[in-house]
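Understanding the architecture of this molecule
Spelled out from the first residue to the last, the chains are:
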Amino acid sequence: PHETLEVSSIGTLNALTAARDMRIKRFVYASSCAVYGESPVLPKEESMLPAPYSPYGAAMLIAEDLARVFYTTYRIETVCLRLFNVYGPRELAEDEDSGLVTRFIAALLQGKPPQIFGDGKQSRDFIHVSDVVEAFRLACTAPKAEGEVFNIASGSRVSVTGLLAVFNQLLDLEVTGELQDARPADVRHSLAETIKAQEVLGFRPRVGLHEGLVKTMLWYRRALGKSVKIP
């Protein structure tokens, strides 16, 4: 865990220093909703006091602080985007840190029950990668965004078992998950308030969960060469 903190901090510092030396006008950083930690308050607003619950979340918060310091000291226009649960094509399914959607799809396309860590009642705010790309595009030029942090999310949530139910509906299956021990420092619920991103960046997610899951499954079906029928 301490290596995560060290590598992330040094990497961000090096990138910010290079941006300063090259006189880059704006620096957009991919942060994470993990900075909020396990606060029971929902939805998560940018004005909330961050309280990371894991080394990863702490690393993201340190990087945000570095960005803020470079903004106040060197006047580099830094913008931090707190990404919630991003999903979409091209994520490596075999990666231990791969997202929930990717892991579910990989299991279903291989005819295996998806693994669920914990009781499955924990909830997440999922956002399709294409919407995240659009958020980054807007953050590069939006006036009055400099020195700020923004939640980038759909603004809605679904439980882990609820997500599996959506997959079952889309694929006309009746698959149940395989329950595993809960992961350490796993946040129970996550939901974003996105008003600030709407007002300042002009960001509004366009890909709903059902549409995004279908697009993602179609890509993985082609990539894995499976014959699961996807509408």
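It should be noted that the structure appears before, not after, this text.
Residues numbered from 1 in each chain as written. Predicted model: local features only at pLDDT ≥ 70, side-chain atom pairs only at ≥ 80, totals over all residues. Heavy atoms only, no water.

With that out of the way, let us pick up a negative patch on the surface. Side chains of E94, D95, E96 and D97 sit close together on the surface and give a patch of like negative charge. One can find E96 in the loop between strand 3 (85–87) and helix 3 (100–109). (Patch = residues over 30% accessible without salt bridge, like charges linked within 9 Å, V, L, I, M, F, W, Y side chains within 5 Å. Areas by Shrake-Rupley, 256 points an atom, 1.4 Å probe, with all protein chains shown as cover. Salt bridge = Lys/Arg side-chain N within 4 Å of Asp/Glu carboxyl O. Lys, Arg positive; Asp, Glu negative; His and termini not counted. Charge placed at Lys NZ, Arg CZ, Asp CG, Glu CD. Helix = DSSP H or I, 4+ residues; strand = E, 2+ residues; numbered from the N terminus.)

What sets the pattern is the α-helix's 3.6 residues per turn: residues three or four places apart point alike. Of all 10 residues making up helix 3, 10 are buried, and the element is well covered by its neighbours. If you check which residues of helix 3 are buried, you get L100, V101, T102, R103, F104, I105, A106, A107, L108 and L109. Looking one or two residues beyond helix 3, the residue adopting positive phi is G111, at roughly 70°. (Buried < 20%, exposed > 50% of the residue type's maximum accessible area, 1.4 Å probe, protein only.)

Moving on to the pattern of salt bridges. According to the stated counting rule, one finds 10 salt bridges in the structure shown. One salt bridge connects R20 with D21, and the closest N-O pair in it is separated by 3.0 Å. Note that K215 and E211 form a salt bridge whose closest N and O atoms lie 3.0 Å from each other. Linking K215 with E211, this pair stays in helix 7 (residues 209–224), spanning four residues, or about one helical turn. For K215, a relative accessible area of 40% gives the class partly exposed. Classification of E211 as partly exposed rests on a relative accessible area of 40%. Here the salt bridges share partners, and the residues they tie into one network are R26, E77 and E146.

The next point concerns the nonpolar core. Membership of the largest hydrophobic core comes to 21 residues, with the highest contact counts inside it found for V101, F104, I105, F126, L163, F167 and L213. Going through the elements one at a time, helix 3, helix 5 (160–171) and helix 7 are the ones with two or more residues in this core. Sorting elements by how many residues they give to this core places helix 5 first, with seven residues. Core analysis: the next-biggest nonpolar cluster, separate from the first, contains 20 residues, L16, A19, Y29 and M48 among them. (Core = buried A, V, L, I, M, F, W, Y, C linked by side-chain atoms within 4.5 Å.)

Note that E146 resides in the loop between helix 4 (129–139) and strand 7 (148–152). Excluding anything up to four places from it in sequence, E146 contacts R26, Y71, E77, T78 and V79. At 3.2 Å, the side chain of E146 forms a polar contact with the side chain of R26. (Contact = heavy atoms within 4.5 Å. Polar contact = N/O pair within 3.5 Å; in protein donor to acceptor, adjacent residues only side chain to side chain.)

A separate point is a nonpolar patch on the surface. Residues V86, V129 and V133 make up a contiguous nonpolar surface patch of about 200 Å² in total accessible area. Locating V129 in the fold gives a position in helix 4.

Our next topic: helix 7. With 16 residues, helix 7 ought to run about 22 Å at 1.5 Å a step, and its terminal C-alpha atoms sit 22 Å apart, in line with that. When we look at burial in helix 7, the residues that qualify are G212, L213, V214, T216, M217 and Y220. (Expected span 1.5 Å × (residues − 1).)

This next bit is on the environment of F203. If you trace the backbone, F203 turns up in the loop between helix 6 (195–201) and helix 7. Assessed through its relative accessible area of 0%, F203 is described here as buried. Sequence separation between F203 and I10 is 193 residues, and the spatial gap between their C-alpha atoms is 30 Å. Apart from residues no more than four positions distant in its own chain, F203 is found in contact with I127, D131, A135, L138, I152, A153, A197 and Q198.

All right, on to the packing of aromatic side chains then. Evaluation of the coordinates by the stated rule reveals five aromatic pairs. Here the aromatic rings of Y36 and F84 are separated by 6.3 Å at their centres, their planes lie at 40°, and the arrangement is tilted. A residue pair is termed long-range when its members are at least 10 positions apart, and Y36 in the loop between strand 1 (26–32) and helix 2 (55–74) and F84 in the loop between strand 2 (77–83) and strand 3 qualify at 48 residues. A ring pair is formed by Y87 and F126, whose centres lie 6.3 Å apart and whose planes are at 80°; its orientation type is edge-to-face. With Y87 in strand 3 and F126 in strand 6 (residues 126–128), this residue pair connects regions lying 39 residues apart in the sequence. Taken as a pair, Y87 and F126 share a single burial class, namely buried. Here the guanidinium or amino end of R75 rests over the ring plane of Y71, the centre of that ring lying 4.5 Å away. (Phe/Tyr/Trp six-rings, centres within 6.5 Å; stacked < 30°, edge-to-face > 60°. Lys NZ or Arg CZ within 6 Å of the ring centre and 35° of its normal.)

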